[in-house]
Structures are given as structure tokens and as C-alpha cells.
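Spelled out, the chains give:
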Amino acid sequence: MIGGHLMRRRAERAVAYIVLAALAIVGLAPFVYLAILSTMSHIEILTQVPPQLEFRWATIVANYHEVLISRGLLRFVANSALVVGVSTLIALAIGTPAAYAFSRLPFRGKDNIGNTILSMRFMPPIAVAIPIFLMMKEIHLRDTYMGLILPYCAFSLPLIVWIMIGFFDEVPREIDDAAQVDGCTYFGLLWRVMLPIVRPGMVTSALFGAIFVWNEFLVALYVIDSGRMQTISLGAATLISAEHPIDWTISATVGVVTVIPMLLFSLLVQRYIVRGLTAGAVK
Amino acid sequence: MNIASVAARRSVVIGGLNHRGVAVLLLLGPCLLYLAAFAIYPLIYSLKLSLTDLQAAEAHGRWIGLRNYGDLLRDPFFWNATRNSAIMVTASVTIQVVLGVAMALFFNLHLRGSALVRGILVLPMLISPTIVGVMWRSLLNPDWGLVTWVIQQLGFDQPAWLTSVSTTMFILVLIDSWQWTPFVFIIVYARIQALPHEVVEAAQIDGASRYDVFRHVTLPLLMPAIAFAAVFRAVDAFRSFDLIFGLTYGSPGRGTVTLAFFAFQNGFHFQNYGYAAAVSYMMLIILMIGMTVLLRYFGLRARHAQ
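Residues numbered from 1 in each chain as written. Chains lettered and ligands numbered in written order. Predicted model: local features only at pLDDT ≥ 70, side-chain atom pairs only at ≥ 80, totals over all residues.

A.B. asks: Report on the overall build of chain B, specifying residues and quantitative values.
C.D. replies: In terms of helices and strands, chain B carries 13 helices and 2 strands. Taken over the C-alpha trace, chain B has a radius of gyration of 25 Å; the compact-globule value for 306 residues is 19 Å, which it surpasses by more than 25%. With the C-alpha coordinates of chain B rotated into their principal frame, the extents come out at 85 × 75 × 30 Å. The burial tally for chain B puts 39% of its 306 residues in the buried class. Of the contacts formed within chain B by residues at least 6 apart in sequence, a portion of 69% connects residues at least 24 apart. (Helix = DSSP H or I, 4+ residues; strand = E, 2+ residues; numbered from the N terminus. Rg over C-alpha atoms; globule rule 2.2 N^0.38 Å. Buried ≥ 20, exposed ≤ 12 C-beta atoms within 10 Å, placed from the backbone. Contact = placed C-beta atoms within 7 Å.)

A.B. asks: An account of the overall build of chain A is needed here, citing residue identities and associated values.
C.D. replies: If you tally the helices and strands in chain A, you get 14 helices and 0 strands. For 283 residues, the compact-globule estimate of 2.2 N^0.38 gives 19 Å, and the C-alpha radius of gyration of chain A, at 24 Å, exceeds that figure by more than 25%. Dimensions of chain A, computed from C-alpha atoms along their principal axes, come out at roughly 80 × 75 × 30 Å. Residue pairs in contact within chain A that sit at least 24 positions apart in sequence constitute 80% of those at least 6 positions apart.

A.B. asks: Break down the packing of helix α7 (residues 145-170) of chain A against helix α10 (residues 199-215) of chain A for me, with residues and values.
C.D. replies: All names here are of chain A. Between α7 and α10, the least distance of the axes is 9 Å, while the angle of their chain directions is 150 degrees. With respect to each other, α7 and α10 are oriented roughly antiparallel. As α7 runs across α10, the sense of the crossing is right-handed. Of the residues in α10, those touching α7 at Y152, F155, S156, L159, I160, I163, M164 and F167 are G201, T204, S205, F208, G209, F212 and V213. Taken together, the residues of the contact of α7 with α10 sort by class into 10 nonpolar, 5 polar and no charged. (Axes fitted to C-alpha atoms, helices over the stretch in contact; angles between N-to-C directions. Parallel < 35°, antiparallel > 145°, perpendicular 65-115°, else oblique. Left-handed = near helix turned anticlockwise from the far one by under 90°. Nonpolar A, V, L, I, M, F, W, Y, C, P; charged D, E, K, R; others polar.)

A.B. asks: Got a sec to walk through the interface of chain A and chain B? Specific residues and values, please.
C.D. replies: For an interface, size is often stated in terms of accessible area lost upon the parts coming together. If you look at the interface, chain A gives 79 residues, while chain B gives 74 residues. Ranked by residue count, the leading element in the side of chain A that touches chain B is helix α1 (residues 2-37) of chain A, at 13 residues.

A.B. asks: Outline the domain arrangement of chain A, supporting the account with residue identities and numerical values.
C.D. replies: All names here are of chain A. Assigned domains of chain A: these are domain 1 (2-65) and domain 2 (70-277). Look at where the C-alpha atoms of domain 1 and domain 2 centre, and you get two points 33 Å apart. Each partner contributes to the interface: domain 1 provides 11 residues, whereas domain 2 provides 8 residues. Elements represented by at least two residues in the side of domain 1 that touches domain 2 include exactly α1, α2 (42-47) and α3 (57-70). Residues that form the side of domain 1 that touches domain 2 fall into these classes: 6 nonpolar, 5 polar and no charged. (Domains from an automatic or database assignment.)

A.B. asks: Account for helix α13 (residues 248-268) of chain A, with residues named and values stated.
C.D. replies: Given 3.6 residues to a turn, an α-helix orients residues that are three or four positions apart in the same direction. The end-to-end C-alpha distance of α13 of chain A, which contains 21 residues, comes to 30 Å, matching closely the 30 Å that a straight helix rising 1.5 Å per residue would cover. Along α13 of chain A, the helix axis deviates most sharply at V259 of chain A, where the bend reaches about 30 degrees; the proline P261 of chain A sits within four residues downstream. (Expected span 1.5 Å × (residues − 1). Bend = angle between axes of the 7 residues up to and from the residue.)

A.B. asks: Account for the nonpolar core, with residues named and values stated.
C.D. replies: Of all hydrophobic cores here, the largest spans 165 residues; its most connected members are V161 of chain A together with V188, A229 and V279 of chain B. By residue number, the principal contributor to this core is α7 of chain A, which donates 17 residues. A domain split of this core shows at least three residues from each of domain 1 (2-65) and domain 2 (70-277) of chain A. (Core = buried A, V, L, I, M, F, W, Y, C linked by C-beta atoms within 7 Å.)

A.B. asks: Tell me about unusual backbone geometry, and name the residues and values.
C.D. replies: Cis peptide bonds are those with omega within 30 degrees of zero, and the linkage from V49 of chain A to P50 of chain A qualifies with -10 degrees. Between S251 of chain B and P252 of chain B the backbone carries a cis peptide bond, its omega angle lying at -5 degrees. With respect to the helices and strands, the residue P252 of chain B is situated in the loop between α11 (242-247) and α12 (259-269). A positive phi angle is found at L53 of chain A, which is not glycine, with a value near 60 degrees. Its identity as a non-glycine residue notwithstanding, Y249 of chain B has a phi of 55 degrees, on the positive side.

A.B. asks: Go over the packing of helix α4 (residues 73-104) of chain A against α10 of chain A with me, naming the residues and quoting the values.
C.D. replies: Helix packing geometry: the angle between the two helix axes and the distance between the axes. Residue and element names in this part refer to chain A. With their axes 9 Å apart at the nearest point, α4 and α10 run at an angle of 135 degrees to one another. Here α10 runs oblique to α4, going by the angle between their axes. Between α4 and α10 lies a crossing whose hand is right-handed. Along the contact surface, α4 presents S80, V83, V84, S87, T88, A91, L92 and T96, while α10 presents M202, S205, A206, G209, A210, V213 and W214. When its residues are assigned to classes, the contact of α4 with α10 shows 9 nonpolar, 6 polar and no charged.

A.B. asks: Talk me through the environment of P106 of chain A; I want residue IDs and the actual numbers.
C.D. replies: For P106 of chain A, the position within the fold is in the loop between α4 and α5 (110-119). Each C-alpha atom of the pair P106 of chain A and G255 of chain A lies 47 Å from the other, and the pair is 149 residues apart in sequence.

A.B. asks: I'd like a description of the environment of G65 of chain B, backed by residues and values.
C.D. replies: Residue and element names in this part refer to chain B. Tracing the backbone through its elements, the reader meets G65 in the loop between α2 (19-50) and α3 (67-74). Given 9 C-beta atoms within 10 Å, G65 falls into the exposed group. Separated by 41 residues in sequence, G65 and V24 place their C-alpha atoms 40 Å apart.

A.B. asks: I'd like a description of the confidence of the model for chain B, backed by residues and values.
C.D. replies: All names here are of chain B. Summing up the model confidence of chain B, the mean pLDDT is 86 and the portion of residues at 70 or higher is 90%. A low-confidence stretch, residues 1-16 stays under pLDDT 50, and its non-local contacts, those more than four residues away or across chains, total 9 contacts. Predicted confidence for residues 301-306 stays below pLDDT 50, and this span has 12 contacts to residues more than four positions away or in other chains. (pLDDT = per-residue confidence, 0-100.)

A.B. asks: Give me the lowdown on the confidence of the model for chain A, citing residues and values where you can.
C.D. replies: Reading predicted coordinates in detail is not appropriate for stretches of low pLDDT. A residue-level look at chain A finds 97% of positions with pLDDT of 70 or above and a mean pLDDT of 89. The least confident element of chain A is helix α14 (residues 270-277) of chain A, whose mean pLDDT is 81; the most confident is α4 of chain A, at 95.

A.B. asks: Before we move on, could you go through the environment of A227 of chain B and cite the residues and values that matter?
C.D. replies: Within the secondary structure layout, A227 of chain B lies in helix α10 (residues 210-239). Note: C-alpha distance between A227 of chain B and L294 of chain B (67 residues apart in sequence) is 8.6 Å.

A.B. asks: Summarise α10 of chain A; cite the residues concerned and give the values.
C.D. replies: Residues and elements named next belong to chain A. With 17 residues, α10 extends 24 Å between its outermost C-alpha atoms, agreeing within 8% with the 24 Å of an ideal straight helix rising 1.5 Å per residue. Most of α10 sits inside the fold, with 12 of its 17 residues counted as buried. For α10, the full list of buried residues reads G201, T204, S205, A206, L207, F208, G209, A210, I211, V213, W214 and N215.

Structure follows, in C-alpha cells:
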């Protein structure tokens, strides 16, 4: 009887591990498949089903040279890095003090203002893409980095405020009280006491702002006109949608080039990802 | 008492604003001004556009009042898009909540290696839905896609993934779920980790079955987290545009044209800015009604308003 019980437990465990392995495969396989396609020639993709995994250096070099150099994706990556970096820094600089005020200071209309900012997290980009395009045209910022940085800050700001409020809320009030008795002003308190404590929050919120901006291409589609100013997501989206019939070698390689920086970046800051995803969900 | 008097002296009124008022203004001001200029103003601009017949070629649109909205309500394509959006949101949220909660419970078994798998499952959320669309378009390619090949090896007929209207919508929802079920999972899982062990253990000692413990103890405690995840997923599925861009571009026919994609088509391909703005305002109205209903239904409030 005890033996039967043990057998059943063993069987349950085996099934559980099979499920776990299946989840890992389902999560990872599409990435791996894309990476494999990017090492094959167009003919090989069409004829080798499933892929034979005979990696030929010449084909790989040819594919990536075509995408990175001939089609200019390397430049697009640099454009994106600049736009993502600057817009995230600005949003962080504006958003962190605001989140601090929401967490610590009482003021009139706090709930309404707070809810309005948080609800901007839900705004469909399509609802503002055209007006932003027309605005940027009016102030002559079409086809410039600034023309992307300005609206992108507005997209990541609500995210950053949302995440940062949570991190500030976790800092015990006693720290504020102690600092204020020592004669710290609000700014001294924020700069010298709070910022070092909430640094993980700043990394987390910057990460999520950066991911959003890196992947955004609808606003870029309107604002950017010339080939050389494209961001990586815009470049990838146009390459993928413009060609009929689609060149799968190019598409797969473009996909890999677009995805890899985000995956590497997220490996570096892995422990912050879950914090950012669950921001506001768990008290 | 001493501290209180120090605090009172600090908040001396300076030109109508006390110390704290100035601090709030300086801390919050830049953020509010920025959002007013680059989020609120574009929304008002969009409302204004929706009342004109602006086309890209013209410099100025004519004021036509509510005509765009009237046209919309008579436009069968608008209703088609609304229907597609409704299907997309309902199906995605249902599938992702059910699977996400199941996964959270499963990972709560703490099998060896589950931390690694959790790390893998986070990855899809980080990448552009456009690329996700292309990825799956290659996996499902009817001639050489890997999934097609596997299905044929298993002895099934090759399904018409992306060419028949009914299956395409289904595939779209499944792929959205591939990318975003982990979102529900991570949030619910975080909540499970934070649950007090004593409650579940007490119920088990009382002789409750596993199902009863889940149904009457765990699930009610998880509800706030599930509701939170469901609201986020509903909104994101509703405004989702990039996945359709990468996967189907609205095809077959208008089978996967959602409201977001319909607004995009009008604004980008037909350059019918006024009409596109009206579509996006209809989206905002639906969003607002939907959010109000959902938030009231789940009794959720924004975090800081607790």
C-alpha cells in the first residue's frame, strides 16, 4: 500500500517534470528557430524541412552583413540606443521626484492627478500618433532624434512614476523623520537619502521604459521620414512588411538583430524584471 | 511637542505657499507640465482632428462637426473591427488568466529547475510583438514551417493557419497568449509567494481536499492579483497593434482588423486623419467605459489611493 502511494508520487513528479520541460521548450523554441533560420540561405529555408543544422560560416556572414551593413540595421540600432537612452534618462529625472511627491507629500487633488497619470499607462499609442506627428511637423522636429525623444518620454513617464511610487512607499517613514529632524530639506532628503535607497527601483523603471521605447514603432513610422533616421523597430517593421514575397532569411536575421540587445540587456538586470512586472500588483 | 513646534515654524507661509507647497510644486511640476504638453495636448488635438475632414495632402481640414462619428456608426468595417477587438480581448484574457493561474500553481510545486524555466518564460514579454508576429509566421509557414512539419509528422492534415478567417483569429489569440500568459503567471505567482502559509496549512489539517483548499482558500486570496493582471491584459490586448502588423496585417480579408489596426489603416494607408482620430476616440470611449466597469467589478483602486 505504501509502495503504491510512493509509485503514484513518483509518477506525478515525472509528469510534473515533463510539463516543466514542455513549458521551457514552448518558451524558447521560437527564439531558437528564428536564430537557426538566420543562418540559412533562402533556398535552404525552403528545401530543408526541418532545418539540417549544418551551419556554414559563409552563409551566416552573408546574411548578417546584408542586414547589418547593406540594409543599415547597425545604424538603426545606434539610433535606437540614442533615443532610448536619452528619453529614459529624461523621464527618470522628471518622474522620480514626482513619484516621491506622490509617495510622501500630502497635496490637494493627489488621488485625481495620480489616477490620471497612471491611466496614461493604458493609452493606445494609435490615439496620439497622428497628433504627435502633426505637432512635430509644426515645430520642425520631424525626422530628428528630438522628434522621437519628446513623445517617447511621455510614454515612459507614467510607467516610471507608477513603478517608482511603489519603491518609495516601501522606504520606512522613520527615515524621512530622522532626516528632517536633522534639518534636511525635501530635496536634500530625496537626493542624499532616498535616491541611494530606491536605486533598484530606478533600474527597474528605466528598464521598462527602455523596453517600451525600443519596441515602439508606430510613432516612429509617422515622425521619421528618411531611411537613415529609422529606429531598429521601425527599420525591422518596414523591412518585414514592405517586401512581397517576404525574404525569410532577411526577416529572421532582422528579428535576431532586433531581439538580441533586449535579451542581453535583460540578462544583466534579470532580478529587476519581476519587480517591474509586478509593480502595483502585490502590496 | 518640540518637534511639532519645529515643524510648525518650518511651514511658515512664503508668498501664499508654504514650504511644503513649494516642494510639491517643484517636485511634481515638471512631470505634470511634460505630460500636459506631450500626452494631454495630443489627446485634445486628436479630438479636434476627429471633428475635421483633414487629409494628409491638405494643409487644413474643414470643420465637419460630428460627421466622422456618424459615418463611423454606419461603417460596416468599423463594426467588423469592433467585433474583432471584442473577440481578441475576451479570448486572450480568458485563456491567459486560466493558463496563467494554472502555471502559478504549478510553479508553486518548486520543482528543481523551475527558476530557470521562469526566466525563459519572461523573455517573450521583452521583445517587440512585430518580431513575435514574424517569428510565428515562419513557424506556421504552410510549406516549410517547423510547427507545420511537426503536425504532419503526427499524421494530421496541415491546417489553414493564416488563410481562413476563423483559425487566423484563433492563432492570433494563441500567439498573444504565448507572449503574455507569463505576465499573468508572474503576477499571480508573486502573490502566491506572499500568501500566509498558515491559512492553507490550517485548511489542509481540517481535512479539506486539494480542490477545496484551492477553491475556497487560495483562489479568493489570489483574486486581487488575478483581477489586476486581467485588467492589464484586457487593455493591452485592446490596444494591441504591432502583433497584427507583424503576423497578419489584418488579413485574411478584414478578418483580423481590430479597432487599433483599423485606426492605423485609416490614418496611415488612407491618410484619412480626421476619420482615424474619430476611430481612436471611439477606442478611448470604449476603454474608459470598460475600465470603469472592470475596476468597479473587481473593486480595484489605484495603488496609492488605498
